[in-house]
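So the chains spell out like this:
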Amino acid sequence: MPDSQWVEVAPEVFVRAYDHLQLNITVVRGCDDLLLVDSRSSPTEGIELKTDLAEFLPAQVRMLVNTHAHFDHTFGNQSFGSDPIEGVPIYGHHRLPAHLDSYERPRLAAWRADGGGEPDRDWDDLRITPPNRLVASSQTVRVGGRTVLLHPLGPGHTDTDLVLHVPDARAWIVGDVVEASGPPMFGSGCFPLELPNQLGSLLADLDETDIVVPGHGPVVDRAFVASQLAEVERFAQQLRLAHRSGDSVERVLADHDRWPFPAEGLELAVRRAFAHLDTAESDPPVIPAHTPPRRT
Ligand SMILES: [Zn+2]
């Protein structure tokens, strides 16, 4: 299936959905400047993205923002930010470099050893390129006179999630905090028990008419985020109950039909949640972790 073309989802906010991993790349244009969100999953894809952008818009990428550390959003970074002269600043959550060290570097080492299931790719050319503008609290950046807000979030999908708000376009670019291409995704470094709080904090800032660009899948709205929050709240509660009743990780996985998400996405979530609960001094009460202030 060919990649889609750039689509203007809000005024001067463009999204292109790439077929590989169904990844959304977003650009915000202010005058002749571009703010690019995420860089795809390899140096080759990063260069392809650069070419696609140059053909589409007569504007310069002035900055790159990573929504989180996972490889599909950061392994193209070197194509934009590594050159000391021509490279652009890369913004990311302040915990992102540590996550790269803990999860993405070992992932890359494993791929180099076995091809990562994609033997056609040359992983030798990849130099992991962390952000050089680390964001520890909400801040504003300007792109061609336009204001974009960067909000680092607490742990949930990962501990490196950062969402962008473009107020004049009523647009939010949220990476994988919201999953619209399938069930919520529990990947490396996830915090399943804290995801409801993370998603709830995003929901609290959304207005009814805002659009939300997820990392994968179609553009959604506040109502979608509210329903996903309810889903992950139920899941977190189910995890706590299973742990409290003495279920083992293996027993949960063997009985995956009673769980809301497919087995392949479930394993990491259960392992991470149970490890967290094993080390917690005492289980928190079994109540929804977050009550959205304006549930639709
Ligand atoms: Zn992703």
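This text gives an overview of the structure that appears in the document. Here the structure is a predicted model, which is why all the values come from computation and not from measurement.

### Thoughts on the packing of aromatic side chains
On inspection of all chains with the given rule, the structure shows 10 aromatic pairs. Between F235 and W259, the aromatic rings sit 5.9 Å apart at their centres with planes inclined by 90°, giving edge-to-face as the arrangement. In this pair, F235 is assigned in helix α6 (residues 222–244) and W259 in the loop between α7 (249–254) and α8 (263–279), connecting sequence segments 24 residues apart. Judged by its relative accessible area of 1%, F235 falls in the buried class. Look at W259 and you get buried, because its relative accessible area is 6%.

### Looking at the coordination of the zinc ion
The zinc ion binds to the protein through D72 (OD), H73 (NE2), D176 (OD) and H216 (NE2), with metal-donor distances spanning 2.1 to 2.3 Å. In this structure, the zinc ion is surrounded by four donor atoms whose angles at the metal cover 89 to 163°, and the resulting shape is irregular. Mapped onto the sequence, the donors of the zinc ion take the spacing D-H-x102-D-x39-H. One end of the pair, H73, is in helix α2 (residues 71–74); the other, H216, is in the loop between β12 (211–214) and α6, and 143 residues separate them in sequence.

### Topic: the pattern of salt bridges
Applying the stated criterion across every chain yields a total of 15 salt bridges. Residue R258 pairs with D255 through a salt bridge whose shortest N-O separation is 2.6 Å. A residue is classified by how much of its surface remains accessible, and R258, at 40% relative accessible area, is partly exposed. Residue classification places D255 among the partly exposed residues on the basis of a relative accessible area of 34%. Among the salt bridges present, the one from E267 reaches R271, with a minimum N-O distance of 2.9 Å. Separated by four residues within a single helix, E267 and R271 lie in helix α8, roughly one turn from each other.

Analysis parameters
Residues numbered from 1 in each chain as written. Predicted model: local features only at pLDDT ≥ 70, side-chain atom pairs only at ≥ 80, totals over all residues. Heavy atoms only, no water. Phe/Tyr/Trp six-rings, centres within 6.5 Å; stacked < 30°, edge-to-face > 60°. Helix = DSSP H or I, 4+ residues; strand = E, 2+ residues; numbered from the N terminus. Buried < 20%, exposed > 50% of the residue type's maximum accessible area, 1.4 Å probe, protein only. Donors = N, O, S within 2.8 Å, 3.2 Å for Na, K, Ca; no water. Tetrahedral: all angles 85-135°; square planar, octahedral: opposite > 155°, others 65-115°. Salt bridge = Lys/Arg side-chain N within 4 Å of Asp/Glu carboxyl O.

That is the geometry; function is a separate question.
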